[in-house]
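Next come the chains, spelled out residue by residue.
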Amino acid sequence: MPYIVDAEIISNKPLAPGTMRLVLRSPEIAEECAPGQFVNVHTAAPGQTDPLLKRPLSICRADREKGCIELVYNIVGKGTALLAEMTGRCRIVGPLGKGFPLPEDNCVSLLAGGGVGCAPMCFLADELKKRNKDAYIITGFGTKEQIFTKSLLPG
């Protein structure tokens with residue numbers, strides 16, 4: 001069930017050049033989200049409508065105990081530039097989307113993603129590890145400076 005939440009911004013810091021990591025406290029969304037789902041983030045200032053459209057961002061990680069979700073995004077336009085400067089609270093809608101199917105049997109999973117598309121693979125890798133499932137991850141980035149997955153992937 002999607003929620004509309006004014007989430008507390010715990011952290012909004014650079015992860016790599018032009019890439020940010022946003023940690024939000026939203027116990028409702030953290031509890032219900034699954035790997036492969038996303039949230040829509042409202043980037044306009046409170047009471048404003050510009051930019052009008054919310055930014056869909058994949059959930060990179062969920063900490064159900066702390067009630068937090070983690071998002072990774074690139075600064076590519078007005079909305080994400082505004083998001084990079086946000087502190088305090090932001091309005092989000094989620095969890096949205098169907099999510100990834102998790103393997104039932106003893107198969108080995110191969111996860112692949114590029115750039116910020118690697119973010120939901122981190123959440124999936126976390127869930128597979130919790131279920132004692134083996135997984136290999138293939139990532140791609142434009143430059144070595146853009147690589148951020150080493151700090152996000154489970155050990």
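See above for the structure.
Residues numbered from 1 in each chain as written. Predicted model: local features only at pLDDT ≥ 70, side-chain atom pairs only at ≥ 80, totals over all residues. Heavy atoms only, no water.

A.B. asks: What is the right way to look at the pattern of salt bridges in this model?
C.D. replies: If the charged atoms of two oppositely charged side chains come close together, the side chains can form a pair. For the structure on display, the rule yields eight salt bridges. The salt bridge partner of Asp6 is Arg91, with a shortest N-O separation of 3.0 Å. In this pair, Asp6 sits in strand β1 (residues 3–16) while Arg91 sits in strand β6 (residues 89–96), placing the two residues 85 residues apart along the sequence. Of the charged contacts, one joins Arg21 and Glu70 as a salt bridge, the two residues approaching to 3.0 Å between their closest N and O atoms. With Arg21 in strand β2 (residues 19–25) and Glu70 in strand β5 (residues 68–74), this residue pair connects regions lying 49 residues apart in the sequence. For Glu70, a relative accessible area of 11% translates into the label buried. Each of Arg64, Glu127, Lys130 and Arg131 takes part in salt bridges that share partners, so that together they form one network. (Salt bridge = Lys/Arg side-chain N within 4 Å of Asp/Glu carboxyl O. Helix = DSSP H or I, 4+ residues; strand = E, 2+ residues; numbered from the N terminus. Buried < 20%, exposed > 50% of the residue type's maximum accessible area, 1.4 Å probe, protein only.)

A.B. asks: Whenever I open this one, the nonpolar core confuses me. Can you help?
C.D. replies: One broad rule of soluble globular proteins: the nonpolar side chains tend to lie buried together. Within the largest apolar cluster, 23 residues are counted, with the highest numbers of intra-cluster contacts made by Leu24, Val41, Ile69, Leu71 and Ile92. Put simply, the parts of the chain that give this core at least two residues each are β1, β2, α1 (27–32), β3 (38–41), β4 (55–63), β5, α2 (78–85) and β6. Core analysis: the next-biggest nonpolar cluster, separate from the first, contains seven residues, Ala16, Cys60, Cys118 and Ala119 among them. (Core = buried A, V, L, I, M, F, W, Y, C linked by side-chain atoms within 4.5 Å.)

A.B. asks: Quick question: what am I supposed to make of the environment of Cys118 here?
C.D. replies: Mapped onto the elements of the fold, Cys118 is located in the loop between β7 (109–114) and α3 (119–130). In the structure, Cys118 is positioned 60 residues away from Ser58 in sequence and 9.4 Å away in space, judged by C-alpha atoms. Those residues in contact with Cys118, other than ones at most four positions away along the chain, are Gly113, Thr139, Gly140, Phe141, Phe148 and Thr149. (Contact = heavy atoms within 4.5 Å.)

A.B. asks: Would you explain the sheet that holds β3 in this entry?
C.D. replies: Hydrogen bonds along the backbone pair up the strands of a sheet, which may run parallel or antiparallel. The strand order around the closed barrel formed by six strands is β1-β2-β5-β4-β3-β6, and the pairing between neighbours is antiparallel. Neighbour-to-neighbour, the strand axes of the sheet open up by a mean angle of 45 degrees, direction not taken into account. Taken together, the seven bridges between β1 and β2 define a ladder with antiparallel strand orientation. Residue Ala16 lies in a different strand from β2, and its bridge partner there is Thr19. (Pairing = 2+ DSSP bridges. Axes fitted to C-alpha atoms, helices over the stretch in contact; angles between N-to-C directions.)

A.B. asks: What is the right way to read the side chain of Thr19 from this model?
C.D. replies: Topologically, Thr19 is positioned in strand β2. A distance of 2.7 Å separates the side chain of Thr19 from the side chain of Asn74, its partner in a polar contact. The residues touching Thr19, leaving out its near neighbours within four places in the chain, are Lys13, Pro14, Val72, Tyr73, Asn74, Val116 and Phe148. (Polar contact = N/O pair within 3.5 Å; in protein donor to acceptor, adjacent residues only side chain to side chain.)

A.B. asks: I would appreciate a short explanation of the pairing of β1 in the present structure.
C.D. replies: Regular strands have side chains that alternate between both faces of the sheet. Pairing geometry for β1 and β6, over six bridges, is antiparallel. The residue bridging Asp6 from the neighbouring strand is Arg91, located in β6.

A.B. asks: What is the right way to read α2 from this model?
C.D. replies: Spacing of three or four residues puts side chains on the same side of an α-helix, whose turn is 3.6 residues. Those residues of α2 lying buried are Gly79, Thr80, Leu83 and Ala84. Take α2 and look down its axis: the buried residues cluster within an arc of 140 degrees, on one side only. (Arc of directions from axis to C-beta.)

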